[in-house]
Amino acid sequence: MSNLGEYLKVRRERLQPEDVGLPGGSRRRVPGLRREEVALLAGISVEYYLRLEQGRDQHPSDQVIGSLARALQLEPDAESYLKNLAEPAKPARRRTAKPEKVSAGVLSLIDSWPTTAALVQGRYLTTLAANPLAVAITPYFAPGVNTLRAAFLEPEMRELYRDWEGMTAKAVAYLRSVIADSLDDPRLLELIGELSVHSDRFRTLWARQDVRRKTSGLTELNHPQVGELDLQYEKLALPGTEGQMLITYHATPGTPSHEKLELLAHL
């Protein structure tokens, strides 16, 4: 089964007939929707849908992608992921052997923010640079640490995040949103394989095939030194890089969280 077919199958099985206005009944032998029901909702033949799910046809038109997205009730990020999966494979790019580096300008910028925690992640979610406040929040934001691996495998991260389950669900959905054209990358496959073996939570979330590129929101922490922190985060793609992302955490001035960040900055 292709990546496209697997995605269609998982999303089909996660929908109930009642979700799409179809009668359910009590004698259904398969979870979620039947293939013929998805085909009906998408306005395509059952045979064609079967070919897509079995991987015998992997490049449906944009019109079919849109119809399938509506039938499966996909949000925009998930529809974009589906479209990327359906695109013809591009010639494999040779990754440079040079280590990823952060520009001097970005390093100077994040070091100039005393009350804003900031770090730069590379294409494999390993931290390439971080300012002192980011490391004060958690040493797992330090350069050289893979934040995704730490989120699932380090007990301290479970203690740090007040909603660890919500954070990990968002992390995996975000990962899905940015890797549709890199699913065969050996280093990425190695990371996914490692987490699938060692974390039941990751394995469950990865199998759900959720896709959401959430680039801003609220992070609720329980810091071992200053207590509860409510921080706003932003994820900003750095132009001219191969997937580098600037991530910042800040608190609203005048709030207890802002005062605690200032305290952390001087510890």
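Bear in mind that the values here come from a model prediction, so they are computed numbers and not experimental data. (Residues numbered from 1 in each chain as written. Predicted model: local features only at pLDDT ≥ 70, side-chain atom pairs only at ≥ 80, totals over all residues. Heavy atoms only, no water.)

Undergrad: Requested: an account of the sheet that holds strand S5 (residues 245-250), with residues and values cited.
TA: The pairing of strands in a sheet happens through backbone hydrogen bonds and is either parallel or antiparallel. Taking strand neighbours across the sheet as the criterion, the five strands line up as S2-S1-S5-S4-S3 in an open arrangement whose pairing is antiparallel. In the strand order of this sheet, the two ends are held by strand S2 (127-130) and strand S3 (216-223), each with one partner. The sheet shows a mean angle of 25° between the axes of neighbouring strands, direction not considered. Here strand S1 (residues 117-121) pairs with S5 via five bridges, running antiparallel. Across the sheet, alanine 118 pairs through a bridge with threonine 248, a residue of S5. Sheet strands touched by helix H6 (residues 104-111): S1, S2 and S5. Its angle to S2, the strand with the most contacts, is close to 50°. (Pairing = 2+ DSSP bridges. Helix = DSSP H or I, 4+ residues; strand = E, 2+ residues; numbered from the N terminus. Axes fitted to C-alpha atoms, helices over the stretch in contact; angles between N-to-C directions. Contact = heavy atoms within 4.5 Å.)

Undergrad: So what about the packing of helix H11 (residues 186-198) against helix H12 (residues 200-208)? Which residues, and what values?
TA: Interaxial distance between H11 and H12 falls to 5 Å at its minimum, and their mutual angle equals 120°. Looking at the two axes, H11 sits oblique to H12. In the crossing of H11 with H12, the sense of the turn from one axis to the other is left-handed. Touching Ile192, Leu195, Ser196, Val197 and His198 of H11 are Asp200, Phe202, Arg203 and Trp206, all from H12. Residues of the contact of H11 with H12, tallied by class, amount to five nonpolar, two polar and two charged. (Parallel < 35°, antiparallel > 145°, perpendicular 65-115°, else oblique. Left-handed = near helix turned anticlockwise from the far one by under 90°. Nonpolar A, V, L, I, M, F, W, Y, C, P; charged D, E, K, R; others polar.)

Undergrad: Which residues make up the layout of surface pockets, and what are the values?
TA: Roughly 500 Å³ of volume is contained in the second largest pocket. Lining the second largest pocket are 24 residues, with Tyr161, Met167, Ala171, Lys235 and Tyr249 positioned closest to its centre. Of all elements in the fold, only S1, helix H8 (147-153), helix H10 (164-178), S3, strand S4 (227-237) and S5 reach the threshold of two or more residues within the lining of the second largest pocket. Looking at the lining of the second largest pocket, its residues break down into 14 nonpolar, four polar and six charged. (1 Å grid on protein atoms, 1.4 Å probe; cavity = no way out; pocket = protein on both sides within 12 Å on 5 of 7 lines; lining within 4 Å. Points joined across faces, edges and corners; volume = space filled by probe spheres on them.)

Undergrad: Account for the nonpolar core, naming residues and giving values.
TA: Leu68, Tyr161 and Tyr249 are the most contacted members of the largest nonpolar core, which totals 70 residues. Those residues within four positions of tyrosine 161 in sequence are excluded, and the remaining contacts are Phe141, Met167, Thr219, Glu220, Leu221 and Tyr249. Val102, Ile110, Ala129 and Leu238 belong to the second-largest nonpolar core, a separate cluster that totals eight residues. (Core = buried A, V, L, I, M, F, W, Y, C linked by side-chain atoms within 4.5 Å. Buried < 20%, exposed > 50% of the residue type's maximum accessible area, 1.4 Å probe, protein only.)

Undergrad: Explain the pattern of salt bridges residue by residue, including any values.
TA: Per the counting criterion, the structure on display carries 16 salt bridges. Of the charged contacts, one joins arginine 162 and glutamate 228 as a salt bridge, the two residues approaching to 4.0 Å between their closest N and O atoms. Taken together, the residues span a long stretch of sequence, with arginine 162 in the loop between helix H9 (155-160) and H10 and glutamate 228 in strand S4 at a distance of 66 residues. For arginine 162, a relative accessible area of 34% gives the class partly exposed. For glutamate 228, a relative accessible area of 47% corresponds to the partly exposed category. Overlapping salt bridges bring together Arg11, Arg14, Arg208 and Asp210 as one network. (Salt bridge = Lys/Arg side-chain N within 4 Å of Asp/Glu carboxyl O.)

Undergrad: Can you tell me about unusual backbone geometry, naming the residues and giving the values?
TA: One non-glycine residue, glutamine 73, lies in positive phi territory at about 55°. Residue placement: glutamine 73 occurs in the loop between helix H4 (62-71) and helix H5 (76-86). Despite not being glycine, glutamine 209 shows a phi value in the positive range, around 60°. Structurally, the position occupied by glutamine 209 is in the loop between H12 and S3. Glutamine 209 sits in the buried class, given a relative accessible area of 2%.

Undergrad: Give a description of the packing of helix H1 (residues 3-13) against helix H3 (residues 46-54) that names residues and reports values.
TA: Contact geometry of H1 with H3 gives a least axis separation of 6 Å together with a crossing angle of 115°. Between H1 and H3, the angle is such that the two are roughly perpendicular. For the pair formed by H1 and H3, the contact residues are Leu4, Gly5, Leu8, Lys9 and Arg12 on the first element and Tyr49, Leu52 and Glu53 on the second. Partitioned by chemical class, the residues of the contact of H1 with H3 number four nonpolar, one polar and three charged.

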